[in-house]
Structure formats: structure tokens, C-alpha cells
Amino acid sequence: MSSSPRASSLRARLIAEQTVLLAMVCLVIGVTVMVALQAFLLNRLDDDLMAASARAVAQPGPPRPAPPGQETGTIDAVIVDGDRLLAQVQTPSGERRALTDLAPLHTLPADGVIRERDLGGLGTYRVVAVRIDPQTVVVTGLPLTDVHDTLWTVGLVLGGVSLIGLTVAGVAGALLVRRALTPLDRMAATARRVAELPLHEGEVTLPDRVPAGDTDPRTEVGQVGAALNRMLDHVGDALAARHESETRVRQFVADASHELRTPLAAIRGYTELARRDDGLPADVAHALARVDSESGRMTALVEDLLLLARLDSGRPLLREPVDLSALVVTAVGDAQVSGPDHRWRLDLPAEPVTATGDAARLHQVVANLLVNGSTHTPPGTTVTTALSTRGGTVTLTVTDDGPGIPADLLPTVFERFARGDTSRSRAAGSTGLGLAIVAAVVAAHGGGVSVESRPGRTRFAIRLHR
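Everything numeric here is computed off the predicted structure, so don't read it as measured data. (Residues numbered from 1 in each chain as written. Predicted model: local features only at pLDDT ≥ 70, side-chain atom pairs only at ≥ 80, totals over all residues. Heavy atoms only, no water.)

A. Representation of the packing of helix H6 (residues 324-338) against helix H7 (residues 359-375) in the model. Viewed as axis vectors pointing N to C, H6 and H7 meet at an angle of 40°, and their least axial separation amounts to 9 Å. When the axes of H6 and H7 are compared, the pair comes out oblique. For the pair H6 and H7, the sense of crossing is right-handed. Contact residues: H6 offers Leu-324, Leu-327, Thr-330, Ala-331, Val-332, Asp-334 and Ala-335, while H7 offers Ala-359, Leu-362, His-363, Val-366 and Leu-370. Among the residues making up the contact of H6 with H7, the classes are represented as nine nonpolar, two polar and one charged. (Axes fitted to C-alpha atoms, helices over the stretch in contact; angles between N-to-C directions. Helix = DSSP H or I, 4+ residues; strand = E, 2+ residues; numbered from the N terminus. Parallel < 35°, antiparallel > 145°, perpendicular 65-115°, else oblique. Left-handed = near helix turned anticlockwise from the far one by under 90°. Contact = heavy atoms within 4.5 Å. Nonpolar A, V, L, I, M, F, W, Y, C, P; charged D, E, K, R; others polar.)

Below is the structure:
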């Protein structure tokens, strides 16, 4: 797995890039100044050297006396007959000191061209040799010490000034960059507040917008702010349209469910009345039985849809203490009667467990989970219902050792009309509303529901506040 480079903020990158750019500018300026200064100092030193050489050549001889006016450190030398060297150096006190063992001067071409030589303990010199007759060569040299000292001093000054300048520029740049990016921080804060809103359901309003001062189209940051505001406007319009559509659908479902209850009750009533006649032919009796069965199923479906519509509309539920232990015992007893081919077990604490909520709806939650366990598992499956408490939370679990929920259905198992098969028969499948009602009722109680499933173990967990 390849590692990605460490991310850094735009502010940090801008400050770092600005500092690097300034450092490069300072380096270029420093190198340019040092090169130009070195050339200037060497030219001036060479001018002084040629003047000193002219004074030395102008002296009468032999013997040639030391020329007057020479600077401290100046070397005046005479090479006689190509091998005998007479050399003197001007000391700071104004005296002249004789020199020996200056081998580099012996090999110096007497062509009047300035050259650079290392004279050992004396240091590096700029020297020039001039032949005044076939047997005599006059050599003059000036030290580079002052040039080197000046370059070092200027280099240290430039380096110190550059370092101070970079520090000041970095601090000032950080302040300027922070000020320049403050509008982006405000935009990010706006985006974070919008992202924290529950946008997935219900009526959603987006009151947050980028301040008008950060939406100036003449600036790049302002263009981003204006675009973000336009996007939020479009998102707000889309959410409003979605909520309006959902409201119409919910109202339609609620109205249709409410209106269907009366004709369904009438159908069941007339069916029961007709079935009281013992003289009905067998096929007619069977047809009436099927009508009664299907009308009962239709009535249950309508009641489920009406309940979901009421929960979606935010209709409040009862808030009263509920004895969950007694409720679970009753629900499991009912499931045992309706599903005798399953094994039903209880795992309850010794003390009664209570929670705050609507007893009828919570009983429906437990009943739906138990019906789900008996409907979608084969005979002989063990279904265990358990209660536990921790702090202010009550956890109710329904666990079975059946074949499990298909992996492709697991992420949508609490959605409406989610079914593991295509049948809508109560004997073979379901309408897909049972677990949706479980999730909606638990959410209306401020709780949470989850499911874990694998072959041999499926566990539904309900968490409620006490």
C-alpha cells in the first residue's frame, strides 16, 4: 500500500513557498554582490599593484633602493641573473624586512601580466614581474588579505541581513496570508455548519450563507463565495422540493390508508355474514374464505402504512413508564402460540426493566421482530429475546440461529418494502414493512436499531432510554 504525501494547509504552503522564494532572491542578490565586489576590489588592487610596480621600476640601480610610498605588505623583489633574488616586504611599522625562500617568484614570467601566487606564510598575493634589462627582473606584489577580509565581512553582513529579512518577511507574510485567507475560513465554517445539518429527511432549511463581504466577484475568493452561495440556494430549493413531494406522498398514503379502512371493514363484515350460511357450495365457501383472508391481510397492510405515515409526520407518541420485562414475556408468549414449530427462549434480568415510551408501539416493535424471526427461519430455529441495562440505556435483542439475512439485503433491511424474496404471501414472504415500522417507532422514541447477521446467527438490537 503506497503512502500518500503528508497533507499541508494552503496557508502553510503559501508561507513556505514565499519564504523559499525570498531566500532564493536573497541568495542571488548575495552572490551577485559578492562577485561584483570581488571584481571591484581586485581591479582596485591591480591598479594599486601596477602603480607600485611603476614606482619600483622607476628606481635607479643597481643597487636599487626601495621605492617610497609603498603600502603595508607590499613585496619589492629583484631577480638578478635569473637566480639571485633580493626581496623585501613593507611592515606595518614602515620598516622593510628582507625575505628569503620565495620560490614561486623565480618562475614568474617577466611579461608585465598580473598573476596570483601563494607565498606560504605571507599568504596569497597579486604579483607582477617586469624585465628592465636582460639581467634584471623587478617583481612587485600586493597581498589579498584586505580583499578577503572585506569579502568575508560583507558576506557575513549580507547573510545576517538576509536572515533577519527572511524572518521579518516570514512573520509579515504569515500575517498577510492569514488575513487574505480569512474569507476562506469563513466559507469553510459555513460549509461545516451546513454539513452538520440532517439533510437526509424532514423539512430542512439552510439559513447559513457566505457573508456578502466575501462574495465580491472581482476577487477570486469572492467568486468562490458567490458560487458557494448559489450552490446552497440550489440545494435549499431541491430540499424544499423534496420535502414538499414527500409531504404530498405521506399525506396521500395517510389519506388513502384512512379511507381504505372503512371499505375493508365492510368487505370483512359482509364476508363473515355470508359465510354463516351453512348451505353454501364448497367453492363459494372457499372463495369467501380467501376474500376474508386477503381482506385481513389488506387491513393489516393499511394499518402499517397509516402508522408509518403518522410517524413520518412527527406525531408524538405516549411518554410513560413501560415495563419492558412484562411486555417481552407477553410478546414471546404470543409468538410461541403462533409459531409452535420454533423454540422460543427468554433471557431477562431478575429485576423488571423499565423504559419511557409508548407501550403499544413498543409491543409492536417486539412482536414484529419475533414475527420476522419465525417467518424467515425454518422450523426448529431457536429465537432468544434478551433485555439488559447499562447506565441510562436499555438494550433489547432478538437473536436466532437461522440461515441469516442475505448480504445484499442487509444494508437495506430496515427500508420499506425490503424483502428477501419476491413473494408477498404471508406464508412465504412479507410486505416488507415490519422492520421499517421497527426502525420508525424506535427512532420516534429517540433510540437506535441495528442488525448483525451471518449464517447461523442473526441479532437485532434495540437501544432505548430508560
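There is more to say, and it comes next.
B. Main features of the environment of Pro-349. Within the secondary structure, Pro-349 is located in the loop between strand E8 (343-347) and strand E9 (354-357). For the pair Pro-349 and Thr-389, spaced 40 residues apart in the sequence, the C-alpha separation amounts to 8.9 Å.

C. Focus on the pattern of salt bridges. This structure, assessed with the given rule, holds nine salt bridges. Note that Asp-46 is salt-bridged to Arg-126, the shortest N-O span being 2.8 Å. Of the two residues, Asp-46 sits in helix H1 (residues 10-58) while Arg-126 sits in strand E5 (residues 124-133), which places them 80 residues apart along the sequence. For Arg-218, the salt bridge identified is with Asp-216, shortest N-O distance 2.9 Å. What makes Arg-218 exposed here is its relative accessible area of 73%. On the basis of relative accessibility, which here comes to 24%, the residue Asp-216 falls in the partly exposed class. Through salt bridges with shared partners, one network takes in Asp-46, Glu-116 and Arg-126. (Salt bridge = Lys/Arg side-chain N within 4 Å of Asp/Glu carboxyl O. Buried < 20%, exposed > 50% of the residue type's maximum accessible area, 1.4 Å probe, protein only.)

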